[in-house]
Amino acid sequence: AGSFPPLSGATAVSAVKADEGVSGAIPIGFTFNYSGGSYTNVYASSNGFLSFNSSITSSLTNNLTTPASTILPLIAPLWDDLDGTSAGTASYLTSGTAPNRVFTFEWLNWEWNYTVNAATISFQVKLYESDGHIEFVYRQDASSVVSGSASIGLAGLTSGNFLSLNGTGASPTASSVTETTSLSTKPATGQVYAFYRPTPSGFAWTPSTFLSNAAISNPLATGITSTTTYTVTASNGGCTASSSVTVTAGAQLTCGALT
């Protein structure tokens, strides 16, 4: 539970008010790391999602499982055939000071769905610089939902990489296997859904491109008769990084410059 204070002093994004509208580049105000990429801009849709893809296209059909490549990766606080042409406003604001800034995008007095022609729901996405977590925040407006069929969740860089909430109550389940595409009940005013990154586990070392023909194994270097330099890749949760490391005969691998 939280609160929904509408943005004050925000920058309006008029293009998002149009039916099937999408925005140009919107500056986040800091570098935000998401799904293995580092981004300084987002792109907004009238249909209730933000994309990190500069090739964004309109999509009224919510599909976190296999969305169009032109909108991946994306963040969807309320993905449905929405509209803001009647009373809605779309805007963004970056608040705070480094390294604790927060970027907020807001769909205020939005129509759910586009046929309502009156304010049904307001919602925000918040991106946090300090730890990279994401929040969705909601406010109920006066009109009733008409033919609601929404998804709420996240989608990564590739098809099948997603999290989907199965409800709009206080404790929905987030699934990475099954997408729910039929949400039709407004989240409560002040409802917050927050997505935090998992705590990283230890790195798994995997030999990559070798600078000599000698073989190494994890965790011990074998078959090495002298100190040798290799390029190795560390992988953890699908993220990889490479570094030149020095391996002494029979010794454990050392990280070198790799962090």
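Going by the structure above, here's the rest.
So, here's what we can say about the structure. (Residues numbered from 1 in each chain as written. Predicted model: local features only at pLDDT ≥ 70, side-chain atom pairs only at ≥ 80, totals over all residues. Heavy atoms only, no water.)

What follows is about the sheet that holds strand β11 (residues 151–155). Spatial ordering of the open sheet is given by β2-β3-β4-β5-β11-β12-β13, a layout of 7 strands whose pairing is antiparallel. In this open sheet, the two edge strands, each paired with only one partner strand, are β2 (26–34) and β13 (174–175). Sheet topology places strand β3 (residues 37–45) next to strand β4 (residues 49–51); 3 bridges connect them, and they run antiparallel. Within β4, the residue paired with Tyr43 across the bridge is Ser51. (Pairing = 2+ DSSP bridges. Helix = DSSP H or I, 4+ residues; strand = E, 2+ residues; numbered from the N terminus.)

Once that is clear, we can look at the packing of aromatic side chains. In total, this model carries 10 aromatic pairs according to the counting rule given. With centroids separated by 4.7 Å and ring planes inclined at 20°, the aromatic side chains of Trp107 and Phe123 adopt a geometry described as stacked. In this pair, Trp107 is assigned in strand β8 (residues 102–112) and Phe123 in strand β9 (residues 121–128), connecting sequence segments 16 residues apart. Accessibility assignment for this pair places Trp107 and Phe123 in one class, buried. Through a chain of ring-to-ring contacts, three or more aromatic side chains come together here, namely Phe105, Trp107, Phe123, Tyr138 and Tyr193. The ring centre of Phe32 lies 6.0 Å from the NZ or CZ of Arg197, which sits over that ring. (Phe/Tyr/Trp six-rings, centres within 6.5 Å; stacked < 30°, edge-to-face > 60°. Buried < 20%, exposed > 50% of the residue type's maximum accessible area, 1.4 Å probe, protein only. Lys NZ or Arg CZ within 6 Å of the ring centre and 35° of its normal.)

Within the largest apolar cluster, 36 residues are counted, with the highest numbers of intra-cluster contacts made by Phe103, Phe105, Leu127, Ile134 and Phe136. If we skip the residues at most four places from it in the chain, Phe105 touches Val13, Val16, Ile26, Ala44, Leu50, Ala90, Ser91, Tyr92, Phe123, Gln124 and Val125. Ranked by size, the runner-up nonpolar core spans 11 residues in total, among them Phe49, Leu72, Trp79 and Phe162. (Core = buried A, V, L, I, M, F, W, Y, C linked by side-chain atoms within 4.5 Å. Contact = heavy atoms within 4.5 Å.)

Let us look at the pattern of salt bridges. Taken as a whole and assessed by the stated rule, the structure comprises 2 salt bridges. Glu129 serves as the salt-bridge partner of Arg101, at 2.7 Å between the closest nitrogen and oxygen. Residue Arg101 is found in the loop between β7 (89–95) and β8, and its partner Glu129 is found in the loop between β9 and β10 (134–140); the two are separated by 28 residues along the sequence. The exposure class assigned to Arg101 is partly exposed, which follows from its relative accessible area of 22%. The partly exposed category is assigned to Glu129, whose relative accessible area is 21%. (Salt bridge = Lys/Arg side-chain N within 4 Å of Asp/Glu carboxyl O.)

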